[in-house]
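Descriptive analysis of the structure
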Amino acid sequence: GTGDKFDVVWLHNEKEIKPSKDFEYKSSGSQYSLIINEVFPEDKGTYTCEAFNDSGECYTTCSLEVNVPGDQILNPVFKRYPTSLTVDKAGSASFEAELDSAPATVAWMKDGKEMKEQSMKYRMRSQGGKVGLDILECSQADAGQYAVIVTNSKGESKAAFSLNVF
C-alpha cells in the first residue's frame with residue numbers, strides 16, 4: 001500500500017538540514033543516518049529524524065553535546081540521556097536521565113511548552129542525579145517532541161527525545 005513509501009528529513013534545532021558535504025543523508029534498508037563529517041561547537045543541539053507520508057508521521061529526537069578540549073564544563077553533564085520511545089495507545093512511557101550531580105531545577109517540556117505534574121497522567125521524578133518522567137495511558141495527543149532541561153548554579157543543559165503513539 002501507500003504506507004510503504006515515505007520521505008525522511010533531518011532537523012537541527014527544528015530547522016531542516018539540507019544534504020551537503022557537511023551533512024550527509026544515508027540510508028540502508030530501513031535504517032536512516034545523518035553523517036556530520038566535521039563537528040563544530042555550533043553543531044551542538046537537538047537533532048530530529050522525521051519520516052512522513054500521507055498516512056502520518058513519526059520521528060525520533062536526540063541531543064548532541066560538543067566538548068571542546070581545554071574548555072571547562074560548568075553546566076550539568078548528562079551521564080545517561082532519555083531514549084525516544086514508540087508505545088501502543090493506552091500504554092505507558094517512562095523516560096529517565098542521569099546527571100553527574102543533583103540538578104538545582106528540572107523542567108520537562110513537550111513541543112516547547114513546560115509540562116506540569118498530573119496525578120493520573122504525568123509523574124515527574126527526581127532523586128539525586130536521576131530524573132524521570134512517566135506518561136500514563138498514552139494517547140495520540142501525547143506523541144511529540146520532548147526535552148528535559150536541568151540547571152545548576154553555573155548553567156543549564158538540555159536533552160531531547162520523542163514519543164510516538166500507535
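These notes cover the structure that comes with them. Bear in mind that the values here come from a model prediction, so they are computed numbers and not experimental data.

What counts, and at which threshold
- Residues numbered from 1 in each chain as written.
- Predicted model: local features only at pLDDT ≥ 70, side-chain atom pairs only at ≥ 80, totals over all residues.
- Heavy atoms only, no water.
- Pairing = 2+ DSSP bridges.
- Helix = DSSP H or I, 4+ residues; strand = E, 2+ residues; numbered from the N terminus.
- Axes fitted to C-alpha atoms, helices over the stretch in contact; angles between N-to-C directions.
- Buried < 20%, exposed > 50% of the residue type's maximum accessible area, 1.4 Å probe, protein only.
- Contact = heavy atoms within 4.5 Å.

Strand order across the open sheet formed by four strands is β7-β9-β13-β12, with antiparallel pairing between neighbours. Of all the strands in the sheet, just β7 (78-80) and β12 (122-127) have a single pairing partner and so form its edges. Taken over all neighbouring pairs, the strand axes of this sheet differ in orientation by 25 degrees on average, direction set aside. As judged from the two bridges shared by β7 and strand β9 (residues 93-99), these two strands associate in the antiparallel manner. Looking at the pairing, Arg80 lines up with Glu98 of β9.

This next bit is on the side chain of Thr46. Note on placement: Thr46 falls in strand β5 (residues 45-53). In this structure Thr46 comes out as buried when scored by relative accessible area, which is 13%. Residues within four places of Thr46 in sequence aside, it is in contact with Leu11, His12, Asn13, Thr61, Cys62, Lys158 and Ala160.

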